[in-house]
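Structural characterization, general
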Amino acid sequence: MTKYLVSRILRGLLSVLIVVGIVMMMIYAFLDRRTIFAEDPVYSKQKSNAKQVYMMQQWERYGYLDYVPYADYLAQLLSRGEIDGQTYDAAVKLDRTPAADSGTTKNYVNQFAQEYEEKGYTVVRLKGDTQGNSQKYKEGGEPRLYAHRDIPVLTRLWRYITGIITVDNIHNAQGDVGKRGLTFTLYDPVYGGEKFSPAILGNGTTHKYLLYFDNRFPYIHQNLVKVNLGLSYSVNKGVDVAQTMTASQGSFVRRQVTYPTGVVEQTADDLHTATYSPGSLQSNPLKQKYFVDDYTNVSTAKTGLSRLGYSFTIGILAVVLAYLLAIPLGIAMARHKDKGLDKLGTVYIVFITAVPSLAYIFLFQSIGGRLGLPTAFDMENPSWLMYILPVISLALPATANLMKWLRRYMIDQMNGDYVKFARSGGLSEGEIFRKHVLRNAGIPLVHGIPASILGALTGAIITERVYVVPGAGNLLTNAINAYDNGVIVGVTLFYALLTVTSVIVGDVLMSLADPRITFTPKGR
Amino acid sequence: MEQKKVILSVRDLHVKFCVRGRILSAIRGISLDLYRGESIAIVGESGSGKSVFTKTFAGMLETNGYIDQGQLLFYGVEGTPLDLTALRRARDWNQIRGGKIATVFQDPMTSLDPIIPIGRQITSVILKHQACTKAEARARALELMAKVGIPEPQARFDDYPFQYSGGMRQRIVIAIALSCQPQILICDEPTTALDVTIQAQILKLIKDLQKEFGYTIVFITHDLGVVANIADRVAVLYAGQIVELGTVEEIFYDPRHPYTWALLSSLPQLAQRNTKLYAITGTPPSLYNRIVGDAFAPRNPQCMQIDTLKEPPMFRVTDTHYAKTWLLDPRAPKTEKPELIRNIHEKLLKAFHI
């Protein structure tokens, strides 16, 4: 059993890897990489040579290529002590054309070009872009020199996979942070140091708080292990997909917080999220009032759930409702096959199957609106009522589907020989149903349960859009629209993992329900 | 057949089916008495109504079938005979099925619930019909499993059907059918799905247990070899009617109906080397239409004019032997049974090199 499961999980992970690899291959190798700027306002403001450089910088940031500007190269030489400050100042000045460069500059430019061309880089010199015949450069028209080298997709894939899970450690913070190490406290300083609330704090780590408790579900939180699914370019710029999906939304929530300096204030700052930001304390006098070290980068606490949170809440309620409705209805339809109830149920199933989902979601919305239910999601004034319509809209089609299959499985079983034999043995119809038919018909349904529960995490595009739910359902479509490749890959990975997991869990459940299925090799 | 007590008396039974708005007459007036402790075989080709006939005893007709007329008098209960055709409610049938009349079906592979342990399937029927505790039911089930020839029943009690072979499963099916000491055991081709060696074992088991339990066997088959093995009496069914009824010796050695002749002639064991196997020509009549005359007439090589005009009555040959053919009418020309099935005993002995 264990051996089989381990091999199933490994094979599942391999297939996830293949899927992500294919997606990365498609969007990084076959798609024009300029498309990522489609929704970027900064890009359209950049002009002339600066635009080229901006593109290079962004491509480097999003993993397309390695980019080395000439100035960085010189700075590197300077820091290694190979040149002095004077030479640096002389060498870094580029003239409008290579021919016009000073001797020192020419010298180092050649050295730069030679060194990086040997490494396989392409060296690019952009001539100064002047206004008309004058010597003045246009905006962003300064001459540029840089080297760049594409990163092969397989390397990207490898970097991506190995970077998915990162563990914080005390050597992460750059610069002088004092004594590096972890401390454990029973009294979290955020709560004033008197309330019992254990926490693990780090110095030298990226996050200050590695483990802590608060009053938000699931009450115990950690920052030690982080999941990185890929940086977003335009959907939520510069933020990781995992963060985008799990960060809380809505309006700020103010609570009483004790800052490291001892200042107590009503604030939305969530000190538990503090991350290291080198030099931030020195450069920002405002922060010196609150903080004593460079862990000043905090995010804010908000009232609402995360995107994933909203999607999952609605999804899981819909799944529960669907099963609660579909199981008794499906059974009733099968037991009274071809009678009134069965025909009514069939009409409903046909309606849901035939009518496009958009149409009946709007139908439910308008019916619900007439009944006075909220038809739009409002994070500022949350109430349970606003969940009703989205949940119903999601549950009703799922119910139809489940009813259809349950009815079908039950009728198949009812025609089984063992049912006839049980009847000939004098069992009543009720007993036959309870003891035999229901259990047998349940087996294929059991397999689908994990998929529907985990599927709730992916969100529902149309329902969420109609009811303005800030959920995760539209993340992928938004990302595709905006050419946000990082998000596309990240969400693909997430969906693929969900699918693989639900199939494996479904198989395990089925083996528990059906004695004929075992994970051990044949032979008793 | 002296002084046998009747257990079930079928009186002029007509069964009809409503199929897509048309009426199909599956059983067209069958009268038959079943005696306590006997084994009667019901033979006939596919579609002759063998299964439908026995399903009426157990109230297991498909939902579109109904008993049009006739009576099924069951003498297995205290007091006055019970007319099974009058049972309407499922609850009444549940008293008869399993407890009084049990059925063994053709395919042991599918007759058991695949996901319930064998032992529980037996005890659930025992608990249903007999007032006893779970422990008693278990003991009784183990005893039955041993009786039907399951080695180490204790160890196999909690096994699932898929862990049993086909023959073993049929033994379990028989154990379940016998668990409540039924008075009639309907065996609907119980050996068809088994291989030949297992067939013989199962037949022997059914016969042996009959001595102990004293039930009446109604054996449906189209295998005449099985009939010779197990039956005391044979009823030959054709197009929803009994065309010939007699003891097994009478049917094999002195058949009177041309259809019985044809059936016997089709025994592959009788075929000579280098000759074609005998096959009955034509197809059975459509039961949607009203049948005029003898139903077998169109396929009967000895057909007479009267066969096509008027349905023959049951002619008595002996006290136990009846046949429904005009050939037995005193006015009919004397017709001998075909050469192929004369001296059938010697021929069969020769065929099997006994």
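Only a predicted model underlies this, so the values are computations on that prediction, with no experimental measurement involved.

With respect to empty space enclosed by the protein
- Throughout the structure, instances matching the rule amount to five cavities of 30 Å³ or more.
- Considering only enclosed or pocket space, the largest cavity measures out at about 90 Å³ in volume.
- In terms of lining, the largest cavity is formed by Tyr418, Phe421, Ala422, Leu427 and His436 of chain A together with Ser111, Leu112, Asp113, Gln121, Ser124, Val125 and Ile176 of chain B.
- Secondary structure elements with two or more residues in the lining of the largest cavity: α15 (417-424) of chain A together with α3 (118-129) of chain B.
- Grouping the amino acids of the lining of the largest cavity by side-chain chemistry returns seven nonpolar, four polar and one charged.

Thoughts on the domain arrangement of chain A
- You can read the domains of chain A as domain 1 (65-150), domain 2 (165-227 + 252-300) and domain 3 (307-469).
- Centre-to-centre separation of domain 2 of chain A and domain 3 of chain A, based on C-alpha positions: 45 Å.

Regarding helix α10 (residues 258-265) of chain B
- Within α10 of chain B, eight of the eight residues are buried, which leaves it mostly tucked inside the rest of the structure.
- Those residues of α10 of chain B that are buried are in contact with β3 (39-43), α8 (224-230), β9 (233-238), β10 (241-247), α9 (248-253) and α11 (344-351) of chain B.

Overview of the sheet that holds strand β1 (residues 6-19) of chain B
All names here are of chain B.
- Overall, antiparallel pairing links the four strands, which are arranged β2-β1-β4-β5 in an open sheet. Strand pairing shows two members of the sheet lacking a second neighbour, β2 (22-35) and β5 (82-83), which therefore form its edges.
- Across 11 bridges, the pairing between β1 and β2 is antiparallel. Within the sheet, the bridge partner assigned to Cys18 lies in β2 and is Ile23.
- Against the sheet, helix α1 (residues 50-58) makes contact with β1, β2 and β4 (65-74), and its axis sits at roughly 115° relative to β1, the strand it touches most.

Remarks on the interface of chain A and chain B
- Contacts between the two partners involve 20 residues from chain A and, on the opposite side, 28 residues from chain B.
- Summed over both partners, the interface of chain A with chain B comes to about 2,200 Å²; 62% of that surface belongs to carbon and sulfur atoms.
- Across the contact surface, chain A and chain B share one salt bridge.
- Close ionic contact of Lys128 of chain B with Glu431 of chain A constitutes a salt bridge, the shortest N to O distance being 2.8 Å.

Some points on a nonpolar patch on the surface
Residue and element names in this part refer to chain A.
- Among the surface-exposed residues, Leu14, Leu17, Ile18, Ile22, Met25, Met26 and Phe30 lie close enough to one another that they form a single nonpolar patch of about 670 Å² accessible area.
- Tracing the sequence through the fold places Ile18 in helix α1 (residues 2-30).
- Ile18 gets classed as partly exposed once you look at its relative accessible area, which sits at 46%.

Points about the environment of Arg8 of chain A
Residue and element names in this part refer to chain A.
- Relative to the assigned elements, Arg8 resides in helix α1.
- The sequence separation of Arg8 and His148 amounts to 140 residues, and the corresponding C-alpha distance is 42 Å.
- With near-sequence residues (within four places) excluded, Arg8 lies in contact with Val503, Ile504 and Asp507.
- In this structure the side chain of Arg8 is engaged in a polar contact, spanning 2.7 Å, whose partner is the side chain of Asp507.

Criteria and cut-off values
Residues numbered from 1 in each chain as written. Chains lettered and ligands numbered in written order. Predicted model: local features only at pLDDT ≥ 70, side-chain atom pairs only at ≥ 80, totals over all residues. Heavy atoms only, no water. 1 Å grid on protein atoms, 1.4 Å probe; cavity = no way out; pocket = protein on both sides within 12 Å on 5 of 7 lines; lining within 4 Å. Points joined across faces, edges and corners; volume = space filled by probe spheres on them. Helix = DSSP H or I, 4+ residues; strand = E, 2+ residues; numbered from the N terminus. Nonpolar A, V, L, I, M, F, W, Y, C, P; charged D, E, K, R; others polar. Domains from an automatic or database assignment. Buried < 20%, exposed > 50% of the residue type's maximum accessible area, 1.4 Å probe, protein only. Contact = heavy atoms within 4.5 Å. Pairing = 2+ DSSP bridges. Axes fitted to C-alpha atoms, helices over the stretch in contact; angles between N-to-C directions. Buried area = accessible area lost by both parts, 1.4 Å probe. Salt bridge = Lys/Arg side-chain N within 4 Å of Asp/Glu carboxyl O. Patch = residues over 30% accessible without salt bridge, like charges linked within 9 Å, V, L, I, M, F, W, Y side chains within 5 Å. Areas by Shrake-Rupley, 256 points an atom, 1.4 Å probe, with all protein chains shown as cover. Polar contact = N/O pair within 3.5 Å; in protein donor to acceptor, adjacent residues only side chain to side chain.

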